[in-house]
Amino acid sequence: MENFELLRNVTIGQYIPTGSVIHRLDPRAKLLAASFLILAISFASSILANIIFLIVILIITRISRIDVKYLLRGFILGLPILIFIFVMQFLFMGRAEPAGYVFFEWGWFRITQRSLYIMALSGLRLLSFVFLTSLITMTSTTTELTHGVEQLLRPFRRVRVPSHELALILMIALRFVPTLAEEMENIMKAQASRGADIGTGRMWRPDKAAKAYLPLIVPLFLNAFRRAEDLVWAMEARGYVGGEGRTNFIQLKSRGIDYVVVIAAFLFMIFMMVFPWPSISPILRQIGFMG
Amino acid sequence: MSHPIIRLEKVHFSYEIERQEPIKALNGVDLEVRDGEYLVILGHNGSGKSTLAKHLNALLAPTEGDVWVRDWNTRETQHMRDIRTTVGMVFQTPDNQIVATIVEEDVAFGPENLGLPHDEIVRRVDWALEQVGMTEFRHRAPHLLSGGQKQRVCIAGMLAMRPDVLVLDESTAMLDPIGRKDVLSIAQRLNRQEGVTIVAITHFMEEAIHADRVVIMENGRIEMEGTPREVFSQVERLRELQMDVPPITRLALALHERHPDFPAVALTIDEFVDAFRKRVTPGRTTSHLSNSDSQTPHSGETVISMQDVGHYYMLDTPLEVKAVEHVNIDLHRDEVLGIIGHTGSGKSTIIQHMNALLKPHEGVVQVFGEDTTANETDIRAIRRRVGLAFQHPEIQLFERFVGDDVAYGPRNLGLPKEEVRERVREAMEAVGLGFEEFKDRMTFSLSGGEKRRAALAGILALRPEVLVLDEPTAGLDPVGRRQLLELIHRWHEKGITLVMVSHNMEELAEMAGRLYVVANGTTLMNGTAREIFSQVDALQAQGLDAPTVTLALHRLADEGLISREQASLYTVEAAAEFLGGMLNGKL
């Protein structure tokens, strides 16, 4: 049967307060270190490097005292994308050269050493990427993140990056997610009470599907606009005139460990980039894949 | 209390609408807000009171005339910041005023905008949260708070800017009785102890009782002005302006009509009891109780039965919570069943079981004899037979034209065109929106009360046998409230079985034959309205109140002027009849 509880199955973005060292890091340090790690992973084109990277992430998870099961639950969200990428690579990467050993060939379609390699690599990369981002949201509150983003972007204000405005938009968006989710739930229930059949029916016909969702989307949007209008009045009444001349209630403070973490992440990135990772072929040859 | 802090001189204001005649909202308003006073502005929807409020802190500038805040004209943009820090404003919907994801950060938003140094911001945030009693919630996320608590956060957010004047623009309209009481007592204390000038805009007359001065608006003009006593004594004039007098004042007046010696105006229960005591001697409770329960409970067949029902939210997640348990309710055909309980008591969860939107995790729910968890039960048939209108049902409107929106339900049933049309006509007439006149009107051009009725028509068009209404009158002004209650009464007479959820005791006293009290996720008491309302102490222990009339009679019983049994009346008419008989019998 239909389930109206929208937030029940979403684990990404959920803060898990375990009070670990990672939790207590300055959000700026956390964001900066994470950016270095993401860069590192984007450049590492060796399976071995990716495996090492995954191990590093699992160590961070352990330090954060977060259950690996939670991380995996977040991964379920990424699963459809992963499957899509796999299918695409399975079908089309066979033609990528140098192909290496050809396992199977049937007309235009073939499975080669190279295509399997690329699939494994992208799978590992995506896994690390999802784990890393979930880790950030699980160890930082939303306000920490918004303030972190604002302060990190502040130096770019000279080149007209609206750091304050971006942070404010992020904050308001996060603030209204639960409110709008609740409202959506109410609208769904109200329309279901009027005999609406939401989520079933001819969903493969886009025109019919769109029509079935109109009774949900129109009220949601109209209400969101009304809320936005109210919010503008309220912000004006509280003296908001933009980021100019504003001060901050939350003052982020960096400690020694924050610098250590950022520098460590940076060094790790450099290491991942310049280390002469062994190519995959010798290993495969060793385990007797290629004659 | 002398020097005016805000002055309005012949203020006119029109809303400009593209390609249409401008709509006149203010029509020559002259008003002074004095330093340190508690001013209440009353008026029903569309009277211009909210437009007036937005002029007080330069959110709107007059089309004609002038508004002065201290020595600054609100047209002069260079004083905008001074004006906004002098006059703070809290709006109607708490949810739409909160910017941040943490309470204390939201309170800090105003001081941050003013560019205050960090230490000063911290000091003000601490102070403001203390003032509204929200210190212990400072690290919470706002969406986890109740409506009343959210509104207190909004007030703190304004206070942190240290305004001299606090404007409450219908800030209590969306709150339940507890939230409303909290906000009012905070406003009163700020006024008395901190010397903050309060301008409260409302359509609840009860909120004007403690004011220094009351202003009543109608058609963008000030129609009446004076102390609460002066204003409330002009009952005829108030009726012309379609204002609702507080129940205790109505009771005093009804008594005055039967016994001219009794004062025509009483603003509080204390005052009423004093006046009555002076005119009757204790112990002489000779007069017999003439009025018996007019609404006896029905004993028709059971249409919905809930037995030992329990329900969880976020089941099987770390955030699992039990919303209700051991709920037992029987609904009989043709009755009007009332469910009392405040926000968070579990009443919304309970009624969603009645049309199988929710299914019990424990216990059994039977609707027309069918178990809602059984596989063979036709859920859609249940939803058709049991209509459910949520709080603020107007949010479900989505079609461009009223007629189409009402037709949504019947069309979902796959009915032929003619039948759909017939049902739409019938449903629209039933809510007092003429079919020919309203079917082609734009849904979003309707007034608040009309939208509410159009949404209800959308449910009536399914021709339900049972109609469950969650707070049907919430947020409506007294006129809209009265109209809707009359309509609901009519639907019942036409044979619809009703379940009405409310925290308005006066309303339930008037409508419902039998009542259930819901608290802490379970059904706590049930009985006839009279049985329930006579247990004033038990109700108050749950943070609920009996109707004002019952409370007044209980006070009389406490003083030994009437018996306990006689104190269980709950309508103004019945009580006035009985007390009037006592006074006249004594003469």
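Quantities reported herein were computed from a predicted structural model and do not represent experimental measurements.

Draft legend 1. Spotlight on the overall build of chain A. Secondary structure summary: chain A contains 10 helices and 2 strands in total. Put simply, chain A has 291 residues, and 24% of those count as buried. Long-range pairs, those at least 24 residues apart, make up 75% of the contacts in chain A between residues at least 6 apart in sequence.

Draft legend 2. Structural context of the overall build of chain B. Tallying secondary structure elements over chain B gives 22 helices and 20 strands in all. The C-alpha atoms of chain B give a radius of gyration of 26 Å, which matches the 25 Å a tight globule of 587 residues would have. The contacts in chain B between residues at least 6 apart in sequence include a share of 69% that link residues at least 24 apart.

Draft legend 3. Broad picture of the domain arrangement of chain B. All names here are of chain B. Each domain of chain B was delimited in the assignment, giving domain 1 (4-235), domain 2 (247-291 + 548-586) and domain 3 (302-533). For domain 1 and domain 3, the distance between their C-alpha centroids amounts to 34 Å. Counting residues at the interface gives 11 residues for domain 1 and 10 residues for domain 3. Split by residue class, the side of domain 1 that touches domain 3 holds 4 nonpolar, 6 polar and 1 charged.

Draft legend 4. Layout of the confidence of the model for chain B. Mean pLDDT for chain B: 88, with 96% of residues reaching 70 or above. Per-residue pLDDT stays below 50 along residues 286-295 of chain B; that stretch engages in 19 contacts with residues further than four places along the chain or on separate chains.

Draft legend 5. Highlighting the nonpolar core. Core analysis: the largest hydrophobic core is formed by 194 residues, its most contacted members being Ala156(B), Val199(B), Leu251(B), Ala457(B), Val468(B) and Val499(B). Per-element tally for this core: the top contributor is helix α7 (residues 163-193) of chain A, with 7 residues. Apart from the residues within four sequence positions on either side, Val468(B) is in contact with Ile351(B), Met354(B), Asn355(B), Val386(B), Gly387(B), Leu388(B), Ala389(B) and Val499(B). Counting residues in hydrophobic clusters, the runner-up holds 22 residues, among them Ala40(A), Leu132(A), Leu135(A) and Met272(A).

Draft legend 6. The interface of chain B and chain A, seen in detail. Every contact between the two is made by 56 residues of chain B and, on the other side, 44 residues of chain A. Broken down by secondary-structure element, the contributors of at least two residues to the side of chain B that touches chain A are α2 (80-86), α3 (103-113), α4 (118-131), α12 (379-385), β16 (386-389), α13 (402-412) and α16 (448-460) of chain B. A total of 6 residues in the side of chain B that touches chain A trace back to one element, the largest contributor, which is α3(B).

Draft legend 7. Spotlight on helix α3 (residues 47-63) of chain A. The end-to-end C-alpha separation of α3(A) is 25 Å, in line with the 24 Å expected for 17 residues at 1.5 Å each. Downstream of α3(A) by a residue or two, Arg65(A) has a phi angle that is positive, lying close to 55°.

Draft legend 8. Geometry of α16(B). All names here are of chain B. Taking 1.5 Å per residue, 13 residues should reach 18 Å; α16 reaches 19 Å between its end C-alpha atoms and fits that length. α16 sits mainly inside the fold: 12 of its 13 residues count as buried. Among the residues of α16, those classed as buried are Gly449, Glu450, Lys451, Arg452, Arg453, Ala454, Ala455, Leu456, Ala457, Gly458, Ile459 and Leu460. In this structure, the buried residues of α16 make contact with β16, α13, α14 (417-430) and α17 (478-493).

Draft legend 9. Summary view of the packing of helix α2 (residues 27-43) of chain A against helix α5 (residues 113-139) of chain A. Residue and element names in this part refer to chain A. Relative orientation of the contacting elements α2 and α5 amounts to 180°, with a least axis distance of 11 Å. It follows that α2 is roughly antiparallel to α5 by the angle criterion. The segment α2 lies against α5, with Lys30, Ala34, Leu37, Ile38 and Ile41 engaging Arg125, Ser128, Phe129, Leu132 and Ile136.

Draft legend 10. Geometry of the pairing of strand β13 (residues 336-340) of chain B. All names here are of chain B. In terms of residue burial, β13 counts as a mostly covered element, since 5 of its 5 residues are buried. Taking every second residue as pointing to the same face, both faces of β13 are buried, with Val336, Gly338 and Ile340 on one and Leu337 and Ile339 on the other. Where β13 meets strand β18 (residues 497-502), 5 bridges bridge the pair, whose relative direction is parallel. Residue pairing for β18: isoleucine 339 is matched across the bridge by valine 501.

Draft legend 11. Local environment of unusual backbone geometry. Residue and element names in this part refer to chain B. Not every positive phi belongs to a glycine, and glutamine 242 is a case in point at roughly 55°. Within the secondary structure layout, glutamine 242 lies in the loop between α8 (235-240) and α9 (247-258). Look at glutamine 242 and you get partly exposed, because 14 C-beta atoms sit within 10 Å. Backbone geometry places histidine 392, a non-glycine residue, at a positive phi of 50°. Summarising the element assignment, histidine 392 is placed in the loop between β16 and α13.

Draft legend 12. Representation of the environment of His23(A). Residue and element names in this part refer to chain A. Within the secondary structure layout, histidine 23 lies in helix α1 (residues 21-24). Overall, histidine 23 belongs to the buried group, with 20 C-beta atoms counted inside 10 Å. Taking the C-alpha atoms as reference, histidine 23 lies 9.6 Å from arginine 65; in sequence the two are 42 residues apart. Non-local contacts of histidine 23, meaning those with residues more than four positions away in its chain, are made with Pro17, Thr18, Ser64 and Thr139.

Draft legend 13. Examining the sheet that holds strand β9 (residues 213-218) of chain B more closely. Residues and elements named next belong to chain B. Taken in spatial order, the 6 strands line up as β6-β7-β8-β3-β9-β10 in an open sheet, and their pairing is mixed. Each edge of the sheet is formed by a strand with only one pairing partner; in this case those strands are β6 (87-90) and β10 (221-226). The average undirected angle you get between the axes of adjacent strands in this sheet is 20°. Strand direction decides the pairing type here: β9 and β10, joined by 5 bridges, are antiparallel. Residue valine 215 lies in a different strand from β10, and its bridge partner there is glutamate 225.

Draft legend 14. Focus on the pairing of strand β1 (residues 102-106) of chain A. Counting buried residues in β1(A) gives 0 out of 5 residues, a small share hidden from the surface. Connecting β1(A) to the antiparallel partner strand β2 (residues 109-112) of chain A that follows it, the hairpin turn spans 2 residues, and Gly107(A) within it adopts a positive phi of roughly 60°.

Draft legend 15. Quick peek at the sheet that holds strand β15 (residues 370-371) of chain B. Residue and element names in this part refer to chain B. Overall, antiparallel pairing links the 4 strands, which are arranged β12-β11-β14-β15 in an open sheet. Of all the strands in the sheet, just β12 (321-332) and β15 have a single pairing partner and so form its edges. By the bridge criterion, 8 bridges tie strand β11 (residues 302-313) to β12 in an arrangement that is antiparallel. Bridged to tyrosine 312 within β12 is lysine 322.

Draft legend 16. Layout of the packing of α13(B) against α16(B). All names here are of chain B. Where α13 contacts α16, the axes come no closer than 7 Å and their chain directions differ by 35°. Handedness of the α13/α16 crossing: right-handed. Contacts between α13 and α16 involve Val402, Asp405, Val406, Tyr408 and Gly409 from the former and Ala454, Ala457, Gly458 and Ile459 from the latter. Of the residues assigned to the contact of α13 with α16, the class counts are 6 nonpolar, 2 polar and 1 charged.

Draft legend 17. The arrangement of the environment of Glu16(B) in detail. When you line up the elements, Glu16(B) lands in the loop between β1 (4-15) and β2 (23-34). Accessibility expressed as a C-beta count within 10 Å gives 9 for Glu16(B), which makes it exposed.

Draft legend 18. Quick peek at the environment of Lys451(B). Residue and element names in this part refer to chain B. On the secondary structure map, lysine 451 appears in helix α16. For the pair formed by lysine 451 and methionine 80, sequence separation is 371 residues and the distance between their alpha carbons is 36 Å. Excluding anything up to four places from it in sequence, lysine 451 contacts Glu394, Leu397 and Leu446.

Rules used throughout
- Residues numbered from 1 in each chain as written.
- Chains lettered and ligands numbered in written order.
- Predicted model: local features only at pLDDT ≥ 70, side-chain atom pairs only at ≥ 80, totals over all residues.
- Helix = DSSP H or I, 4+ residues; strand = E, 2+ residues; numbered from the N terminus.
- Buried ≥ 20, exposed ≤ 12 C-beta atoms within 10 Å, placed from the backbone.
- Contact = placed C-beta atoms within 7 Å.
- Rg over C-alpha atoms; globule rule 2.2 N^0.38 Å.
- Domains from an automatic or database assignment.
- Nonpolar A, V, L, I, M, F, W, Y, C, P; charged D, E, K, R; others polar.
- pLDDT = per-residue confidence, 0-100.
- Core = buried A, V, L, I, M, F, W, Y, C linked by C-beta atoms within 7 Å.
- Expected span 1.5 Å × (residues − 1).
- Axes fitted to C-alpha atoms, helices over the stretch in contact; angles between N-to-C directions.
- Parallel < 35°, antiparallel > 145°, perpendicular 65-115°, else oblique.
- Pairing = 2+ DSSP bridges.
- Left-handed = near helix turned anticlockwise from the far one by under 90°.

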